[in-house]
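Analysis of the macromolecular model
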Amino acid sequence: MASPSRLSCQVLSGRQYCRLRMSHCGIKYTGYAPKTTPRARNARTRAAMDTFSPSGMSVPIIFSKRDDSSETEGTKLSSNAFDNNMPILGIAGGGIFFFWEVGVLKYLQENYRLKETDIIGVSAGALCAVLVACNVNLDRAVRKAYDISIEADIWNRSGGLAGIWGPLVRQWLEELLPEDAHEMCASRVKVIATKFPRMNLEYLDDFESREDLINACMASVHIPFFLDGNGTYSYRGGQFIDGSLWDFFYGSNSGLLTLDGQSCIIDYFMDDQLEFSRMDFIKVLTFDTVKDLVKSGYSYAERTDAKGLFDEKLGSVRKGQVRKLLEYMPRKVLAL
């Protein structure tokens with residue numbers, strides 16, 4: 001797949017018009033890019049977003065002034081995304097930084113009643129959202145991912161994860177999720193995916209079965225061609241690709257994830273102590289590196305909580321000290 005030589009945006013008839021030129025193969029593609037909500041990034045990560053450089057090729061990303069009053073089809077913000085007043089977790093995409101997100105979620109599970117939250121996830125964040133809603137042990141999920149990687153012998157493949165990542169993720173979900181996973185996610189989990197060819201973001205929810213839930217996750221994580229060799233993923237009669245596509249280009253999370261500031265966002269770009277480069281999200285990792293990422297996410301959560309930032313959105317579901325002690329003691333006994 002050729003790399004885009006330029007992404008330029010302008011407001012046209014109330015929509016954000018996006019033209020992607022594939023200079024290397026002479027293909028011109030036109031679609032609509034969803035409106036995003038800006039978020040602060042530190043200087044290091046902001047600089048990393050300025051140039052997208054696959055295979056060492058420098059590709060500038062150019063942004064024009066956007067009209068914040070315009071709405072893109074499929075991305076209209078809603079304060080009623082869920083039919084209740086529970087706090088909302090918004091888990092961003094991240095590729096292999098899924099393991100960093102796991103570290104954050106482990107900390108949040110220890111200190112907050114996440115069963116009393118609604119969850120929105122996109123791409124890797126969609127996987128996290130479903131695991132948390134289904135009460136899947138996160139340490140087990142990490143170990144299972146590594147065991148499946150060993151079985152697939154990904155470290156000795158010349159292409160690494162290319163072409164097989166999709167089937168491996170599906171196998172992983174099928175082995176981890178309980179039979180009633182779709183019921184556990186009903187009404188409190190929304191997955192974001194990009195609808196092709198209009199390229200607008202959509203919520204995938206109201207899951208009909210465990211298989212339907214897994215398919216929604218696969219639609220949300222589908223990096224074109226890289227995941228399984230296919231350009232799109234078929235879901236409920238439509239074609240979808242990775243829900244964090246525009247976040248990758250724009251460097252900001254979509255309004256469907258942030259809900260106009262209502263969501264407590266979990267995003268590895270917010271960790272100013274995490275070292276990474278632009279394309280690290282598809283790297284093959286050793287298990288030691290995976291464990292280090294989990295620790296980094298947990299450490300970030302500790303620092304963030306110490307500043308009181310989680311309580312701004314999740315304060316109503318913070319666990320009391322007695323409850324934390326009662327939950328901790330059985331875990332300690334099991335570890336002996």
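One can find the structure itself at the top, above this paragraph.
Cut-off values and rules
Residues numbered from 1 in each chain as written. Predicted model: local features only at pLDDT ≥ 70, side-chain atom pairs only at ≥ 80, totals over all residues. Heavy atoms only, no water. Salt bridge = Lys/Arg side-chain N within 4 Å of Asp/Glu carboxyl O. Helix = DSSP H or I, 4+ residues; strand = E, 2+ residues; numbered from the N terminus. Buried < 20%, exposed > 50% of the residue type's maximum accessible area, 1.4 Å probe, protein only. Axes fitted to C-alpha atoms, helices over the stretch in contact; angles between N-to-C directions. Parallel < 35°, antiparallel > 145°, perpendicular 65-115°, else oblique. Left-handed = near helix turned anticlockwise from the far one by under 90°. Contact = heavy atoms within 4.5 Å. Nonpolar A, V, L, I, M, F, W, Y, C, P; charged D, E, K, R; others polar. Phe/Tyr/Trp six-rings, centres within 6.5 Å; stacked < 30°, edge-to-face > 60°. Lys NZ or Arg CZ within 6 Å of the ring centre and 35° of its normal. Pairing = 2+ DSSP bridges. Right-handed = clockwise from strand over helix to strand, strands pointing away. Lys, Arg positive; Asp, Glu negative; His and termini not counted.

The next point concerns the pattern of salt bridges. Applying the stated criterion to the full structure yields 13 salt bridges. Of the charged contacts in the structure, one is a salt bridge between Arg143 and Asp147, with a shortest N-O distance of 3.2 Å. Residue Arg143 and its partner Asp147 are located together in helix 4 (residues 138-152), separated by 4 residues, close to a single helical turn. Residue class for Arg143 comes out partly exposed when judged on its relative accessible area of 38%. Since its relative accessible area comes to 26%, Asp147 is described here as partly exposed. Two residues, Arg318 and Asp305, come together in a salt bridge whose shortest N-O distance is 2.4 Å. Residue Arg318 is found in the loop between helix 11 (311-314) and helix 12 (321-335), and its partner Asp305 is found in helix 10 (residues 287-306); the two are separated by 13 residues along the sequence.

Where helix 4 meets helix 10, the axes come as close as 11 Å, and the angle between the chain directions of the two elements is 155 degrees. When the interaxial angle is binned, helix 4 and helix 10 end up roughly antiparallel. Pair helix 4 / helix 10 crosses with right-handed handedness. For the pair helix 4 and helix 10, contact is made by Val142, Arg143 and Tyr146 and by Phe287, Val290 and Val294, respectively. Grouping the constituent residues of the contact of helix 4 with helix 10 by class yields 5 nonpolar, no polar and 1 charged.

Glancing now at the packing of aromatic side chains. The final tally for this structure, using the stated rule, is 11 aromatic pairs. Where Tyr112 meets Phe310, the ring centres are 6.4 Å apart and the plane angle is 80 degrees; that geometry is what we call edge-to-face. Pair noted here: Tyr112 is in the loop between helix 2 (98-111) and strand 7 (118-122) and Phe310 is in the loop between helix 10 and helix 11, with a separation of 198 residues, a long-range link. Following the ring pairs from residue to residue traces out a cluster consisting of Phe97, Tyr268 and Phe269. Against the face of Phe82 rests Lys190, its NZ or CZ located 5.2 Å from the ring centre.

Let us look at the pairing of strand 7. Burial within strand 7 is extensive, with 5 of its 5 residues counted as buried. The side-chain alternation of strand 7 yields two buried faces, one formed by Asp118, Ile120 and Val122 and the other by Ile119 and Gly121. Bridge count for strand 6 (residues 88-91) against strand 7 is 4 bridges, and the pairing is parallel. Across the sheet, Ile91 pairs through a bridge with Gly121, a residue of strand 7. In this region the chain leaves strand 6, passes through helix 2 and returns to the parallel neighbour strand 7; the handedness of that crossover is right-handed.

As for its position among the elements, Asp118 is in strand 7. Arg188 provides the closest opposite charge to the buried, unpaired Asp118, separated from it by 4.8 Å. With residues near it in sequence (within four places) discarded, Asp118 still touches Phe82, Asn84, Met86, Pro87, Ile88, Leu89, Ser187 and Arg188.

Bear in mind that shape data such as this cannot, by itself, settle questions of function.
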